[in-house]
Amino acid sequence: MSRPPFTPTVAALPKLVPFVGPEAMERARGRPFRARLGANESVFGPSPLAVAAMRDAAGENWKYSDPESYELRSAIAAYHGVPVECVVVGEGIDGLLGLTCSLFLTPGSPVVTTDGAYPTFNFHVLAHGGKVHAVPMRAFREDVPRLIETAKTVCAPLIYVSNPNSPMGTWWTAGDIAAFIAGLPPETLLVLDEAYCDTAPEPTSPAIDVSNPQVIRYRTFSKAYGLAGARIGYAVGERSTIEAFDKVRNHYGINRVGQLGAYAALRDQNYLKGAVAQIAASRNRIRAIAEANGLSSLPSAASFVAIDCGADGAFALRVLTGLLDRDIFVRKPVAKGLEHFIRISCGQDEDLELFAGALSDVLASVHA
């Protein structure tokens, strides 16, 4: 007996996942990390109102979620001042990126992104048979003008831009992004990932224009809102584009507890402001730790800081490995031109104290 063959697209894919999770790393290591500073989660947690809503919802978890996410979509629409029909909720931005590929890609479709940018998007593109055209970063941020020129050259239906960028934390201003949107080639959609917009300075995000069919904006409750485990993200865009997601999405893919938690979190903007302030203070502390160890860091608008290890990628890998050996979970970019950095997520004071001690120890050992 045998199963049917995989599709040619799937058969040609390498065995890969975008990230190895810290839990898998802990299982392989046989011990837990002391500080979890590599996944860009908000250790400052969600609003108490969201926690209470999710706790109350747990007892009724026998119910499916509302497949239309109507209350949450309505709240998001009111928050952004757009019609509810222009909002779709999904399993984090990751899930929505996959659906976007389902809507717009056929085997061989060219897609333009940045070399070293968020890898999950590429994962979805390849799984849908698309071809990735990756443009190098310039001055450690996404070279959006070159992305647009490349899209014109290859006739790409999709351009992916994250603003602020992951993994470097760099950003373009709202005026810059608006100018880029005005320069998009015809019949090209800008996939604008704004996962870190809540932690960015003003103005970073231009006003949302749902009359423009060439832009979809992606937001999440996983970062500043502190609900990474709930897996709730959303996209905002032109009505007919957003309504097309109903053709391909998993209508019961949203978990009900997370759905209600996100609704409560959105309504507690005072808590969000406090969490953002804590993230900003943590960024400053990470930069100070880098400076105290003779290292430099990039200005960041995200919930992490990229630290330049001061040598090549092999040296940065030794630093990363040393931190992991000392039970400090961090990550590093791997793309050419970025590989000499490590990336540190914002953390509580006690997390950063552990990181500071481990970093000093690692640097002393690698320089010995």
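Residues numbered from 1 in each chain as written. Predicted model: local features only at pLDDT ≥ 70, side-chain atom pairs only at ≥ 80, totals over all residues. Heavy atoms only, no water.

(A) Looking closely at the state of the cysteines. Counted under the stated rule, the structure contains zero disulfides. The cysteine Cys101 is free of any disulfide, with Cys155 supplying the nearest cysteine sulfur at 18 Å. On the basis of relative accessible area, Cys101 is assigned to the buried category, the value being 0%. Here Cys346 is not cross-linked by a disulfide; its sulfur's nearest cysteine counterpart is in Cys197, at 15 Å. Under the relative-accessibility criterion, Cys346 is labelled buried at 3%. (Disulfide = S-S within 2.5 Å. Buried < 20%, exposed > 50% of the residue type's maximum accessible area, 1.4 Å probe, protein only.)

(B) Focus on the packing of aromatic side chains. Evaluation of the coordinates by the stated rule reveals nine aromatic pairs. Judged by centre distance (5.0 Å) and plane angle (75 degrees), the ring pair of Phe140 and Phe341 falls under edge-to-face. Of the two residues, Phe140 sits in the loop between β4 (131-135) and α7 (144-154) while Phe341 sits in strand β12 (residues 341-345), which places them 201 residues apart along the sequence. On the basis of relative accessibility, which here comes to 2%, the residue Phe341 falls in the buried class. A centroid spacing of 4.9 Å and a plane angle of 90 degrees characterise the contact between Trp172 and Phe180, whose relative ring orientation is edge-to-face. Assessed through its relative accessible area of 12%, Trp172 is described here as buried. Overall, Phe180 belongs to the buried group, its relative accessible area being 12%. Site record: aromatic cluster; members linked through ring pairs are Phe221, Tyr225 and Tyr234. It is Arg3 that lies over the ring of Phe6; its NZ or CZ is 4.1 Å from the centre. Stacked on the ring of Trp172, the Lys or Arg Arg141 has its end atom at 3.4 Å from the ring centre. (Phe/Tyr/Trp six-rings, centres within 6.5 Å; stacked < 30°, edge-to-face > 60°. Helix = DSSP H or I, 4+ residues; strand = E, 2+ residues; numbered from the N terminus. Lys NZ or Arg CZ within 6 Å of the ring centre and 35° of its normal.)

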